[in-house]
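Here's the letter readout for the chains.
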Amino acid sequence: MSIVQNRKAGYDYSIEERFEAGLALEGWEVKSVRAGRAQLNEAYVIVRDEELFLLNSHIGTLATTSTHEPADPTRTRKLLMHAAEIRRLIGKVERAGYTLVPLDLHFARGRVKLAIGLAKGKRQFEKRDADQKRDWKREQSRLLKQRTR
C-alpha cells in the first residue's frame, strides 16, 4: 500500500533496479506517515561511511506531537538494508555513475518502507522523447475508443 510517490523520479531518471529499505523513524514520524503527511519531492539518498541516508524528505508534524522534544520534519533518516546490498549499491554508485533515488514510501507488513531506485539521469532529449511517446500512447487509446463505438 503506497503512501507517497516521487513522480519526478521516473521523469528525471531511468530506473534500472528497485530496492526496498527500512527507515529508522521516531514515533511521531510513524504517526505522521500513517496520516499521510510525508513528501518525497526533493528527497535524495546519499552514501556516508558505508551507510545510506535519506535527505530532504519532509514528514510533517501532527498537532498531537509531544512538545518536550523538538520535531525536525526534514531531518536525515538512516536507511536500513542488509550490508551486502549496501556494499553492492555503493559499488554501483561510486564506479558506474549511478544515482540512488527514492521512489515511494509504503507499508510492508505494518512497517514503513522506502523503495529506492538505482538510476541514471536522463538528458533533455530523452525526456522530450518520453513525453512524445506518452502523448502518442494516449492519442492511440483515444482513437481506438472512438473507433469501437
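Before reading further, recall that the structure is shown in the block above.
**A look at the overall build of the protein chain**
On a plain count of helices and strands, the protein chain comes out with 4 helices and 9 strands. When the elements of the protein chain are put in sequence order from the N terminus, they spell out β-α-β-α-β-β-β-β-β-α-β-β-α. Counting over 149 residues, the protein chain shows a buried share of 34%. When the accessible surface of the protein chain is summed, it comes to about 10,000 Å², and 47% of that surface belongs to carbon and sulfur atoms.

**With respect to the side chain of arginine 77**
Turning to its location among the elements, arginine 77 is positioned in strand E7 (residues 77-80). For arginine 77, a relative accessible area of 1% translates into the label buried. A distance of 2.9 Å separates the side chain of arginine 77 from the side chain of glutamate 29, its partner in a polar contact. Of the polar contacts made by the side chain of arginine 77, one reaches the backbone oxygen of arginine 75; its length is 2.9 Å. Setting aside anything within four residues of it in sequence, one finds arginine 77 in contact with Leu23, Ala24, Leu25, Glu29, Leu52, Phe53, Leu54, Ser57, Ile59 and Asp72.

**Describing the nonpolar core**
Ranked by size, the top nonpolar core spans 26 residues in total, and within it Leu52, Leu79, Met81, Leu89, Leu105, Leu114 and Ile116 carry the most contacts. Where this core is concerned, the elements lending two or more residues are strand E2 (13-23), helix H2 (27-34), strand E5 (51-55), helix H3 (83-96), strand E8 (99-108) and strand E9 (111-121). The leading source of residues in this core is E9, at 4 residues. In this structure, leucine 52 is in contact with Val45, Ile46, Val47, Arg77, Lys78, Leu79, Met81, Ile86, Leu89, Leu100 and Ile116, ignoring residues within four places of it in sequence. Formed by 5 residues, the second largest nonpolar core is a distinct cluster that contains Ala9, Val101, Ala115 and Ala119.

**Things to note about H3**
With 14 residues, H3 ought to run about 20 Å at 1.5 Å a step, and its terminal C-alpha atoms sit 19 Å apart, in line with that. Ile86, Leu89, Ile90 and Gly91 are the residues of H3 that are buried. Glycine 97 occupies a position one or two residues after H3 and carries a positive phi of about 75 degrees.

**Examining unusual backbone geometry**
One non-glycine residue with positive phi stands out, namely glutamate 50, at about 55 degrees. By the secondary structure assignment, glutamate 50 is in the loop between strand E4 (44-48) and E5. Within the chain, arginine 109 stands out as a residue other than glycine whose phi angle is a positive 55 degrees. With a relative accessible area of 82%, arginine 109 lands in the exposed category.

**With respect to the environment of leucine 79**
Counting through the fold element by element, leucine 79 comes out in strand E7. Separated by 55 residues in the primary sequence, leucine 79 and alanine 24 place their C-alpha atoms 6.4 Å from one another. Contact partners of leucine 79, with chain neighbours within four places excluded, come to Ala21, Gly22, Leu23, Val45, Leu52, Phe53, Leu54, Leu114 and Ile116.

**A short note on the side chain of aspartate 104**
Here aspartate 104 is to be found in strand E8. Engagement of the side chain of aspartate 104 in a polar contact is seen with the side chain of histidine 106, the distance being 3.4 Å. Apart from residues no more than four positions distant in its own chain, aspartate 104 is found in contact with Ser2, Val4, Gln5, Arg18, Leu40, Lys113, Leu114 and Ala115.

How each quantity is defined
Each chain has its residues counted from 1, running along the sequence as written. In view of the model being predicted, local features appear only for residues whose pLDDT reaches at least 70, and side-chain atom pairs are presented and counted only at 80 or more, with totals across whole chains, interfaces and linings using the full set of residues. Side-chain calculation: all heavy atoms of the structure are included, whereas hydrogens and water are not. By definition, any uninterrupted DSSP run of H or I lasting at least four residues is a helix, any uninterrupted run of E lasting at least two residues is a strand, and each is numbered from the N terminus. Between buried and exposed lies partly exposed: a residue is buried under 20% and exposed over 50% of the maximum accessible area for its type, with that area taken using a 1.4 Å probe on protein chains only. Surface accessibility in these figures is a Shrake-Rupley result with a 1.4 Å probe; residues are shielded only by whichever protein chains are displayed. Whenever two N or O atoms come within 3.5 Å, that pair is a polar contact, provided that in protein one can donate a hydrogen and the other can accept it, and provided that, for residues adjacent in sequence, both atoms are side-chain atoms. We call two residues in contact whenever any of their non-hydrogen atoms come within 4.5 Å of each other. Put simply, a nonpolar core is a bunch of buried Ala, Val, Leu, Ile, Met, Phe, Trp, Tyr and Cys residues held in one set by side-chain atoms that sit within 4.5 Å of each other. Given a helix with a known number of residues, its expected span is that number minus one, times 1.5 Å.

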